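Each chain is listed here by its residues.
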Amino acid sequence: MNAPGTPLLSVENLTVRYRLGRSMSGRAKTFTAVKDVSFTIGAGRTLGLVGESGSGKSSIGRAVLRLSPISQGRIVFDGQDIDAFGRRTPLSFHRDVQVVFQDPLSSLNPRQTIADTLGQALTRHRPLSRAERDRETGEALDRVGLAPHHADRYPHELSGGQRQRVAIARALATRPRLIVCDEPVSALDVSTQSQVINLLQELQRDLGVSYLFIAHDLEVVRHMSDEIAVLSLGELVESGPAAQVYDSPAHPYTRTLLASTLIADPARQAARTAQRRALRAESTAAAAAAGGGAQKHP
Ligand SMILES: Nc1ncnc2c1ncn2[C@@H]1O[C@H](COP(=O)(O)OP(=O)(O)OP(=O)(O)O)[C@@H](O)[C@H]1O
Ligand SMILES: [Mg+2]
């Protein structure tokens, strides 16, 4: 357990450098995707990571998952330097840190039913009897708002939003403390986006999980995040509480990023207003449901 006040995740002066083979002269070529980036995420909190395409967002998310090289700096999870694990990632880390990607169709096994996918995730770190496994699979589906009959479906037989709910249920199966969400709603239409976002928030309230939430949609990030970190060309240009970064951005790049979302195109502007309304309506409904004693996840 963490000492009070200690962040769950601490990214300290992280540099991610990729090897690109060798030049003609035989020297190793590298590309620096992330340079000297620092931020922390507290337990039960959300940090939103924004920045243009190629700015290094996924590289940071992957470094936290031990999938990208930590070339310089440190990543400390729950007091442990994750680079010090060496080649073998401890099971406890796999359990504690999970991921939800943008495209659930490519991250779910097309030949497995939803029950098999969730059952496998549930039993990976804990021995469960057949009956316990079936019961927990049912609970996992219910927790993300899916019906029992979805258990026997294959991923291609579900909608995009339903598939993403399965991916979230699978991530939750190990009872993680941190989930790296890399553009989890970018592939969904606006109304489905707000449902999935609100599901993530509800799960956070109930389970106390933390999110590293990566997205290029600033409206979605603002709705989700306690803190925001703004990346440009691999470097952190600004970070702080969400309201502060949005309402009084200190860096010109952040202002440009924000301005580019206040688009001149009336159709996109209308879509954005609809999205904002949908997000608000969903949260109000969720809050009402929680207040009304309809607590689904004791
Ligand atoms: N395995 C790799 N080898 C070499 N370069 C890479 C590798 N992965 C990413 N890069 C480069 O690192 C930079 C950052 O990529 P990254 O995927 O982290 O960006 P991103 O902010 O997630 O972008 P997007 O919004 O498009 O997903 C890009 O220039 C990319 O080409
Ligand atoms: Mg990315």
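What you see as residue numbers is a count from 1 along each chain, following the sequence as written. Chain labels run from A onward and ligand labels from 1 onward, assigned in the order the entries are written. The model is predicted, so local features are restricted to residues of pLDDT at least 70 and side-chain atom pairs to those at 80 or more, both for listing and for counting; the totals for chains, interfaces and linings are taken over all residues.

**Examining the overall build of the protein**
Here is step 1: Along the backbone of the protein there are eleven helices and ten strands.
Here is step 2: A separation threshold of at least 6 residues defines the contact pool for the protein, and within that pool the share at least 24 residues apart is 68%. Under the DSSP-based scheme used, a helix requires at least four consecutive residues in state H or I and a strand at least two consecutive residues in state E, with every element numbered from the N terminus. Residues are defined as contacting one another if the C-beta atoms placed from their backbone atoms lie within 7 Å.

**Considerations on the sheet that holds strand 1 (residues 9-22)**
Here is step 1: Pairing between strands is defined by DSSP: at least two bridges between them are needed. Pairing is antiparallel in the open sheet, where four strands are placed in the order 2-1-4-5. Each having just a single partner strand, strand 2 (28-41) and strand 5 (80-81) make up the two edges of the open sheet.
Here is step 2: Relative to strand 4 (residues 72-77), strand 1 runs antiparallel, the two sharing five bridges. Bridge assignment links Leu 9 to a residue of strand 4, and that residue is Phe 77.
Here is step 3: Angles run from 0 to 180 degrees between N-to-C directions of axes, and those axes are lines fitted to C-alpha atoms, restricted for helices to the stretch in contact. Packing against the sheet, helix 1 (residues 57-64) makes contact with strand 1, strand 2 and strand 4, and its axis sits at approximately 110° to strand 1.

**A short note on the nonpolar core**
Here is step 1: Throughout this description, the term nonpolar core refers to a group of buried Ala, Val, Leu, Ile, Met, Phe, Trp, Tyr and Cys residues whose C-beta atoms join them within 7 Å. Any residue surrounded by 20 or more other C-beta atoms within 10 Å of its C-beta is treated as buried, while 12 or fewer makes it exposed and the intermediate range makes it partly exposed; C-beta atoms here are placed from the backbone. Of all hydrophobic cores here, the largest spans 66 residues; its most connected members are Leu 49, Ala 169, Ile 179, Leu 212 and Phe 213.
Here is step 2: Looking at this core, the element that brings in the most residues is helix 6 (residues 160-172), giving six residues.
Here is step 3: Leu 212 has contacts with Ile 41, Leu 47, Leu 49, Gly 61, Val 64, Leu 178, Val 180 and Cys 181, leaving out every residue within four places of it along the chain.

**Comments concerning the site of ligand 1**
Here is step 1: For each residue, a C-beta atom is placed from the backbone, and the residue is labelled near a molecule or strand when this atom is within 6 Å of it. Around ligand 1 sit Tyr 18, Phe 31, Ala 33, Gly 51, Ser 53, Gly 54, Ser 55, Gly 56, Lys 57, Ser 58, Ser 59 and His 216, and that is every residue in its neighbourhood.
Here is step 2: For the shell around ligand 1, the secondary structure elements donating two or more residues are strand 2 and helix 1.
Here is step 3: Sort the elements by how many residues they give to the shell around ligand 1 and helix 1 lands first, with three residues.
Here is step 4: Broken down by class, the residue content of the shell around ligand 1 amounts to three nonpolar, eight polar and one charged. Classes in brief: Ala, Val, Leu, Ile, Met, Phe, Trp, Tyr, Cys and Pro nonpolar; Asp, Glu, Lys and Arg charged; the others, Gly included, polar.

**A word on the packing of helix 4 (residues 114-124) against helix 5 (residues 130-143)**
Here is step 1: It is the contact of helix 4 with helix 5, at a shortest axis distance of 9 Å, that shows an interaxial angle of 110°. The angle between the axes of helix 4 and helix 5 places the two elements in the roughly perpendicular class. Handedness of the crossing formed by helix 4 with helix 5: right-handed. Along the contact surface, helix 4 presents Ala 115, Leu 118, Gly 119, Leu 122 and Thr 123, while helix 5 presents Arg 133, Glu 136, Thr 137 and Ala 140. Throughout, the term roughly parallel applies to angles under 35 degrees, roughly antiparallel to angles over 145, roughly perpendicular to angles from 65 to 115, and oblique to all others. Each crossing is labelled by how the near helix is turned from the far one, with a counterclockwise turn of less than a right angle marking it left-handed and a clockwise turn marking it right-handed.

**Observations regarding the confidence of the model for the protein**
Here is step 1: Per-residue pLDDT for the protein has a mean of 89; in total, 89% of the residues score no lower than 70.
Here is step 2: Low pLDDT (under 50) marks residues 292-298, which in the prediction has six contacts with non-local residues, meaning those over four places away or in another chain. What pLDDT conveys is the predictor's confidence in a given residue, as a value from 0 to 100.

**Quick notes on the environment of Leu 47**
Here is step 1: Mapped onto the fold, Leu 47 is located in strand 3 (residues 46-51).
Here is step 2: Of the residues examined, Leu 47 has 25 C-beta atoms within 10 Å and is grouped as buried.
Here is step 3: Taking the C-alpha atoms as reference, Leu 47 lies 8.7 Å from Ala 242; in sequence the two are 195 residues apart.
Here is step 4: Residues contacting Leu 47, with those up to four places away along its chain left out, are Phe 39, Ile 41, Leu 212, Phe 213, Ser 225, Glu 227 and Ala 229.

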